[in-house]
Structures are given as structure tokens and as C-alpha cells.
Amino acid sequence: MLRDHVEFGATPLNQYSYMSISREHHYVPQFYLRAFSSDDRRIGLFNFERKLFVENASIKQQCSRRNFYAFAPGLEDAFGEMEGGAASILRRIRTENALPTSEEERFALLTFIIFQNLRTAASEDRIVKMTDHMAKMMLQGSPEVASIDLERLTISTSDPIALTLSHASEVAIMATDLKFHLFVSEASRDLITSDDPVVLHNQFCEDVHHQGVLGWACSGLQVALPIGPKHLLFLFDSKIYKVGESHKGQDVSSIRDETDIRQLNLLQVLNASKNVYFRNGSEKSLSECKALAERRPRARLRFVETERMAVGEDKESSLIHHYQRLLPLKLSLKEVAVRRAARKIPATQRARMYRSKGDDLFGATDRHNNSALGPTRTYTVSKIIDR
């Protein structure tokens, strides 16, 4: 049964003249998926919800929603222009087994990766869950909704994806210090991809469970994007990790061990919303997806609520903290190592660190240094909800 849906700030349908024309908008570009295809038209697909394998799924019908970007006229065309430039760069990377050397092309590649992370159906789903949970918390006990069963409603903004896309420029500023590395596979097992292909991880903070460590400014952030069955882009915090011979200025590494390919594929399996994709006829990829499916997390968003406490004679206060949880794996790649100095940092301190250009890594990066705001308060956690 479909649940009722309440929207705030809905856009009048007559505001955009072209909105009456129904269009399929792809949130993972078709050119990107073609790199995993044997014929540029079809691709292998495994759907986790139905445990369904499709050997030759039409690329045109994948990763799209009708009028997904209809809130912003021209946005789909702007994405198309960006994708054209990215497609050329990625094609050259696969052909030459080398990363672009110009800062302009690297920034174009970074921009593509950031938008790819922000523009998916999975990204929209996270915003809907966040808005729904926070709105219901605010409405609890309100006499105006006393007769309404809020659990039967989903409360969201009218265009959730617009909210996440609005942060792209801020993310780009935070991400420019991340280093690029290219993994070239020489193993027999192919790399796979998914309907949410840009995976954020943080090997440095895998023992941190009480708060989020996947923000684009977090120390230890890692970003993985496969760009073909034999190539994967890896962005990383160079103050925390050594990747291949990156400390000697090298930005390309070969992967020969199938265990490493399996780890990189596990990132896609765990992060996917519904589907993973792979080269047609790849029996190894299909069996791998089936074997790893049971490890997929049921919920990635965590909401932490505290007990209410008095902050004055007639006022009470509580805190609500939400974050995206790390994927349930211990990443272990032969070409990626945590630096010796970083390994000495306690887990409690790692969670409090931001990357900061020009600052000492272990100095002025404590995100909880709020001494100028006055004495801190201690709140007791009353509820943890995963969605």
C-alpha cells in the first residue's frame, strides 16, 4: 500500500513550461555504463531486492527517473555538457592507463565525481529520510497534528535532490586537496559498478561508530569510482594514506591480486541502492554479487536523540544528531596503507579531525573545539534509530 506523502515548498507545475513534457533523466550517465558493456548497448545487471539477474539489460533503461531534474530547467542539458567532457577524459585514462596531468582536467574530473555522488536516487532517498525523521520529531506533541498518525506519512521537500545538489560548490572547495590515484587491474576478475557508483569510505576511522566520518572534509576520506572493468579512480587524503608509490610522486598502480578486486567490488555491492552492473557474460561477477549480497546493510542513516534537559527556568533542550554510517567492512588493499604517524592517533581523536590545507594535520583540526562558545553540556543518549 502506498503511503501518503506530504511536501513542503512544492513548485507550481505551471512555473516551467516544459514540465508537461515527460522525460527520462539519467542519474548515472549512459556513457559511464557503456564502459562496462561488451556492445555499448547492454550490460549485465543484478538486482538485490528481487535477486534477479539480467544478462543483457538495456543501458538506456538503467538509472533513470521520469522528470528527476524537472525542478531546474536546463539542468539535464548542463549535466550533458559536463558528461561530454568527463567522457573524453575517462576514455583517455582507460586507453593510456594514465591520469590527466593538467589541473583543469583534474578539476573537471573531480567535479564530475562530486556531482555523480550527489545526483543519484540514493542521495535523494537519504534527504527524504532525514527530512521525514526531523519533521516528525518537531511535530511530536503538537496539538495541530494530534489526530494524525504521522507514521502513515512521509514528510519531505518537493524536490529533495535539489537540496543535495545545492551543496556541490561547497563540496568542491573541500575536496580539492584530495589526491587522485588510478588502479589498473591485471587480475582475471572484472571490476563492477552500481546505481550509486561513487563510494565514500574512511579506513582511518573504521573504529569510529558514534558519529559520521564520511563528510567531504573529514580526515581519512577515501573515494572510489570504477570507470571500467579494469580501471578504478581512487581519491584519498594524502596526509593519512600512502597509495602505491604516491609518496614518490607516482599516481598509477597495478592490481594483480583478485582479493583486492573482490574488496573493491564489495564497496559497490554494499553501497548500491538496488542494482550492480558488470560486463555482459561475466560469470565471476554474477557469482560474486550473489555471494556478497547478504552482507549489504539494511540501514545506512543513523539518528541519535538525547534526553531533554533544562536550560533555564522554563526551557528544555535536546539534541538530534544524524549521519551516514560507514559500510560494514574493514578495507584492506595491498596498495593502500595508513601512514605511521596517523596510526598513532587514538580513534576518539580521529573522529574529531578535519582536513585543513596549510595547517598541521595533528594541530588545529579539532571540530569540537568550541571553547569560545562557553561551557559545554553533557547530554544523555535516549534513542538510536537506523533508517
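(A) Geometry of the overall build of the protein chain. Across its full length, the protein chain holds 10 helices and 20 strands. Expressed as a percentage of its 387 residues, the buried residues of the protein chain come to 50%. Restricting the contact set of the protein chain to residue pairs at least 6 apart, pairs at least 24 apart contribute 78%. Surface exposure of the protein chain reaches about 19800 Å², of which carbon and sulfur atoms provide 49%.

(B) The arrangement of the confidence of the model for the protein chain in detail. Averaged over every residue, the pLDDT of the protein chain is 88; the share at 70 or more is 89%. The model gives residues 358-365 a pLDDT under 50, and that stretch makes 15 contacts with residues more than four places away or in other chains. Per-residue pLDDT stays below 50 along residues 367-374; that stretch engages in nine contacts with residues further than four places along the chain or on separate chains.

(C) Local environment of helix H4 (residues 121-139). A rise of 1.5 Å per residue sets the reference length of H4, with its 19 residues, at 27 Å; its end C-alpha atoms lie 27 Å apart and thus fit the reference within 8%. Residues of H4 that are buried include every one of Ala121, Ala122, Ser123, Glu124, Ile127, Val128, Thr131, Asp132, His133, Ala135, Lys136 and Met137, and no others. Immediately beyond the C-terminal end of H4, within one or two residues, lies Gly141, with a positive phi of roughly 80°.

(D) Structural view of the sheet that holds strand S8 (residues 193-194). An order of S4-S3-S14-S8 is seen for the four strands of this open sheet, with the pairing classed as antiparallel. Each edge of the open sheet carries a strand with a single partner, namely strand S4 (52-58) and S8. Here two bridges tie S8 to strand S14 (residues 275-278), and the two strands are oriented antiparallel to one another. Paired with Thr193 across the bridge in S14 is Tyr277. Against the sheet, helix H8 (residues 283-292) touches strand S3 (42-47), S4 and S14, its axis set at about 160° to S14.

(E) Molecular detail of the environment of Leu45. Looking at the secondary structure, you find Leu45 in strand S3. Leu45 sits in the buried class, given a relative accessible area of 7%. A sequence separation of 147 residues divides Leu45 from Ile192, and the C-alpha atoms of the two residues are 10.0 Å apart. Here Leu45 is in contact with Leu52, Phe53, Val54, Ala57, Gln62, Asn275, Val276, Tyr277 and Phe278, once residues within four sequence places are set aside.

Analysis parameters
- Residues numbered from 1 in each chain as written.
- Predicted model: local features only at pLDDT ≥ 70, side-chain atom pairs only at ≥ 80, totals over all residues.
- Heavy atoms only, no water.
- Helix = DSSP H or I, 4+ residues; strand = E, 2+ residues; numbered from the N terminus.
- Buried < 20%, exposed > 50% of the residue type's maximum accessible area, 1.4 Å probe, protein only.
- Contact = heavy atoms within 4.5 Å.
- Areas by Shrake-Rupley, 256 points an atom, 1.4 Å probe, with all protein chains shown as cover.
- pLDDT = per-residue confidence, 0-100.
- Expected span 1.5 Å × (residues − 1).
- Pairing = 2+ DSSP bridges.
- Axes fitted to C-alpha atoms, helices over the stretch in contact; angles between N-to-C directions.

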